[in-house]
Amino acid sequence: IMCGWKLCCLLSFQDGSYLAEFLLAKGYEVHGILRRSSSFNTGRIEHLYKNPQTHTEGKMKLHYGDLTDSTCLVKIINQVKPTEIYNLGAQSHVKISFDLAEYTANVDGVGTLRLLDAIKTCGLTNSVKFYQASTSELYGKVQEIPQKETTPFYPRSPYGAAKLYAYWIVVNFREAYNMFSVNGILFNHESPRRGSNFVTRKISRSVAKIHLGQLESFSLGNLDSKRDWGHAKDYVEAMWLMLQQEEPEDFVIATGEVHSVREFVEKAFKRVGKTIVWEGKDEQEVGRCQETGVVHVNVDPKYFRPTEVDFLQGDSTKAYQRLGWKPKVTFEELVKEMVDADVELMKKNPNA
C-alpha cells in the first residue's frame, strides 16, 4: 500500500484490506497495487470503493502492477509520490513455496529489492517511510523460546529463505542510504478474510460446512504444529505505528500465546456444538465427533512440509514498550469470529 497525506502492495490480500480500512479511517489517500488476474480479485476490498456497485474509486485508488516488474513499480511510485509504503506483497503460502521455490524467491525476496530500488530511482529515499512485512517463519527451527528481535534466524522453507533476503535488504537500505525502512516480524495472524488454503481458514470453512450438513470430513497435515495466532486487524495497527516513530526500528509483533492446530480444530468444532475426540496415531489419527460418532478430521501426509516448523512463540515486549502496542483479540474470539463468519458465508453460498 502506498499512502500518506498522499501505498499497500497487493491490496486484495487479508492484511491489505484491513490496512486500507485502517488508513482510510485516518484520512489517508491509499493507493494499492493489484496483480492482473483473469478473474476479479478485489473481493476483500469491495466495500472500500466509493461506490462498490460500479467500483468507483474514492480515497482508495488501485494500480495494476507486479513485484516481478521493476519498470511498473518505478512508474507507480513516481506518479503517486507516496509518503508511506507498506510492502505486503508475497507468495505467502509456506507449503506452496516448496513447489514454487523460484517464483517465491523472485516475488518475496527480489521483489522487495525492486521496490526499494524504485524508491531510490525516484529520488524519494529521504521522504518515504517503508514497511516490510517480515515473518515469524524467519525463525523456523527456533534457536530460543520465545523469539524476539535478537533471536537468530533459521528459515525452514523457500518462503522463509526468500523473506530472509528481504529482511536483510531492508536493513541494508536503511544503513546504506539512511532510508526509513523497517521490518515488522509478524507472527501468524488470521481473520475471516484469510485465504481458504491457509490452515486456519480451511478449518473454519470446513467446520461451517459440516455444521450445515454440506460436508462430512476434511484432511489436515501436522496437527501438533504450534503457532502464535493473532488477529490481522490488530497487526495492521502495529505496521502503522512502526512508521510513526522518530527512528526506524524492526519489531516482533505477536500475542505471546501458543496453540496447536489440534486445539484450533477443537475450539472451532466446539463453537458449533461438537466435541472432537482423537483416535489413532500419526497418519492414522482421526478426529471423531463425540456426539454422533462421525469422523470429521483425517490426517493426510500430502499436507506435511518437507521441513517442518514445529513451534513459534513471539515476544513483543519491545513493541509494547516502544509502540504501546498490545493485541486486543484473544485466540478464542478469533476462532469464534472465523467460524461464525464462515457459517454465514456457507448459508448464503455453499460453494464460496
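Look a little higher up for the structure.
Since this is a predicted model, take the numbers as computed values, not measurements.

Engineer: A description of the overall build of the protein should follow, citing residues and the corresponding values.
Structural biologist: Secondary structure assignment for the protein yields 10 helices and 16 strands. For a compact globule of 352 residues, the expected C-alpha radius of gyration is about 20 Å, and the protein comes in at 20 Å, within 12% of that figure. In terms of principal-axis extent, the alpha carbons of the protein reach across some 65 × 50 × 40 Å. For the protein, buried positions account for 52% of its 352 residues.

Engineer: If you had to explain the sheet that holds strand E16 (residues 295–299) to someone new, which residues and values would you point to?
Structural biologist: With mixed pairing, 4 strands are arranged side by side in an open sheet as E9-E16-E15-E14. Looking at the sheet topology across the chains shown, the edges are occupied by strand E9 (218–220) and strand E14 (276–279). Taking the axes of each pair of neighbouring strands and ignoring which way they run, one obtains an average angle of 25° across the sheet. Both strand E15 (residues 286–289) and E16 contribute to a ladder of 3 bridges, which runs antiparallel. Residue pairing for E16: Arg288 is matched across the bridge by Val295. This element, helix H6 (residues 199–211), spans E9 and E16 of the sheet and lies at about 160° to E9.

Engineer: Please give an account of the side chain of Gln132 that cites residues and values.
Structural biologist: Relative to the assigned elements, Gln132 resides in strand E6 (residues 129–135). Among the polar contacts listed, one links the side chain of Gln132 to the side chain of Asn87, at a separation of 2.7 Å.

Engineer: Give a description of helix H8 (residues 261–271) that names residues and reports values.
Structural biologist: By the burial criterion, the buried members of H8 are Val261, Arg262, Phe264, Val265, Ala268 and Phe269. Buried residues along H8 cover an arc of 160° about the axis, so they all sit on one side. One or two residues past the end of H8 sits Gly273, with phi positive at roughly 80°.

Engineer: Account for the state of the cysteines, naming residues and giving values.
Structural biologist: Under the counting rule described, the total for this entry stands at 0 disulfides. Free of any disulfide, Cys122 has its nearest neighbouring cysteine sulfur in Cys72, separated by 11 Å.

Engineer: Explain the pattern of salt bridges to me, using residue names and the numbers behind them.
Structural biologist: Under the counting rule described, the total for this entry stands at 19 salt bridges. Measuring nitrogen to oxygen at the nearest pair gives 3.2 Å for the salt bridge that ties Lys318 to Glu249. With Lys318 in helix H9 (residues 317–323) and Glu249 in the loop between helix H7 (232–242) and strand E12 (251–253), this pair connects stretches of sequence that are 69 residues apart. With relative accessibility at 18%, the residue Lys318 sits in the buried group. With a relative accessible area of 25%, Glu249 lands in the partly exposed category. The partner of Lys267 in a salt bridge is Glu332, and the shortest N-O contact between them spans 4.0 Å. Within this pair, whereas Lys267 is found in helix H8, its partner Glu332 is found in helix H10 (residues 331–348), the two being separated by 65 residues in sequence.

Engineer: Please give an account of the nonpolar core that cites residues and values.
Structural biologist: Within the largest apolar cluster, 28 residues are counted, with the highest numbers of intra-cluster contacts made by Leu23, Tyr86, Tyr131, Met239, Met242, Ile253 and Trp325. Listed by contribution, the elements that provide at least two residues to this core are helix H1 (14–25), E6, strand E7 (180–186), H7, E12 and H9. Looking at which element gives the most residues to this core, the answer is H7, with 8 residues. Setting aside residues up to four positions removed in sequence, Met239 forms contacts with Asp15, Leu19, Tyr86, Leu88, Tyr131 and Leu186. Of all hydrophobic cores here, the second largest spans 25 residues; its members include Ile203, Val207, Val261 and Val265.

Engineer: How would you summarise the environment of Glu279 if you had to cite specific residues and measurements?
Structural biologist: Mapped onto the fold, Glu279 is located in strand E14. Note: C-alpha distance between Glu279 and Val295 (16 residues apart in sequence) is 9.7 Å. Those residues in contact with Glu279 that sit more than four places away from it in its chain are Gln284, Glu285, Val286 and Arg288. Reaching out from Glu279, the side chain makes a polar contact with the side chain of Arg288 at a distance of 3.0 Å.

Engineer: Which residues make up the packing of H6 against H10, and what are the values?
Structural biologist: Look at H6 against H10: their axes get within 8 Å of each other, and the N-to-C directions meet at 50°. One element, H6, and the other, H10, form an angle in the oblique class. In this structure, H6 meets H10 at a crossing whose hand is right-handed. Side by side, H6 and H10 meet where Thr200, Arg201, Ser204, Arg205, Val207, Ala208, Lys209 and His211 of the first sit next to Met338, Val339, Asp342, Val343, Leu345 and Met346 of the second. Of the residues assigned to the contact of H6 with H10, the class counts are 7 nonpolar, 3 polar and 4 charged.

About the criteria used
- Residues numbered from 1 in each chain as written.
- Predicted model: local features only at pLDDT ≥ 70, side-chain atom pairs only at ≥ 80, totals over all residues.
- Heavy atoms only, no water.
- Helix = DSSP H or I, 4+ residues; strand = E, 2+ residues; numbered from the N terminus.
- Rg over C-alpha atoms; globule rule 2.2 N^0.38 Å.
- Buried < 20%, exposed > 50% of the residue type's maximum accessible area, 1.4 Å probe, protein only.
- Pairing = 2+ DSSP bridges.
- Axes fitted to C-alpha atoms, helices over the stretch in contact; angles between N-to-C directions.
- Contact = heavy atoms within 4.5 Å.
- Polar contact = N/O pair within 3.5 Å; in protein donor to acceptor, adjacent residues only side chain to side chain.
- Arc of directions from axis to C-beta.
- Disulfide = S-S within 2.5 Å.
- Salt bridge = Lys/Arg side-chain N within 4 Å of Asp/Glu carboxyl O.
- Core = buried A, V, L, I, M, F, W, Y, C linked by side-chain atoms within 4.5 Å.
- Parallel < 35°, antiparallel > 145°, perpendicular 65-115°, else oblique.
- Left-handed = near helix turned anticlockwise from the far one by under 90°.
- Nonpolar A, V, L, I, M, F, W, Y, C, P; charged D, E, K, R; others polar.

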